[in-house]
Amino acid sequence: MNTKDFLRLGVPLGQAMRLATDFVARFILGGGDKSRLHEEVAAIVTNPSVFLADDLRKEFAKALLTAPPPPRAEPA
């Protein structure tokens, strides 16, 4: 996965993006199925609080919870 893939899934730039790439590397090195990467990242982005107890996913999930909100598409 690359930055564009992460952005399409809703991963914000910054710390969350860095930890997303770290998660992917650890997932693959740990024997995870590469074909499930998209589903794994999408699940974490959708509901990060569910993954706070998971050793492999918790740092990425924490970064998503503390990330600033995305900029508005329209001015206020």
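Scroll up a little and you will see the structure.
Keep in mind that what you see is a predicted model, and the values were worked out from it rather than measured. (Residues numbered from 1 in each chain as written. Predicted model: local features only at pLDDT ≥ 70, side-chain atom pairs only at ≥ 80, totals over all residues. Heavy atoms only, no water.)

A. Quick peek at helix α4 (residues 58-66). Residues of α4 that are buried include every one of Phe60, Ala61, Ala63 and Leu64, and no others. Projected down its long axis, α4 shows its buried positions confined to an angular sector of 160°, all on one face. The secondary structure elements touched by the buried residues of α4 are α2 (15-29) and α3 (37-46). (Buried < 20%, exposed > 50% of the residue type's maximum accessible area, 1.4 Å probe, protein only. Helix = DSSP H or I, 4+ residues; strand = E, 2+ residues; numbered from the N terminus. Arc of directions from axis to C-beta. Contact = heavy atoms within 4.5 Å.)

B. Spotlight on the side chain of arginine 57. On the secondary structure map, arginine 57 appears in the loop between α3 and α4. Look at arginine 57 and you get buried, because its relative accessible area is 12%. Setting aside anything within four residues of it in sequence, one finds arginine 57 in contact with Phe23, Phe27, Glu40, Ile44 and Phe51.

C. Main features of α2. Under the 1.5 Å per step criterion, the end-to-end length of α2 is 21 Å for 15 residues, consistent within 8% with the ideal 21 Å. Taken residue by residue, α2 has Ala16, Met17, Leu19, Ala20, Phe23, Val24 and Phe27 as its buried positions. Seen along its axis, α2 keeps its buried residues to an arc of 160°; they face one direction. Each element contacted by the buried residues of α2 is listed here: α1 (3-9), α3 and α4. Within two residues after α2, glycine 31 carries a phi angle of roughly 95°, on the positive side. (Expected span 1.5 Å × (residues − 1).)

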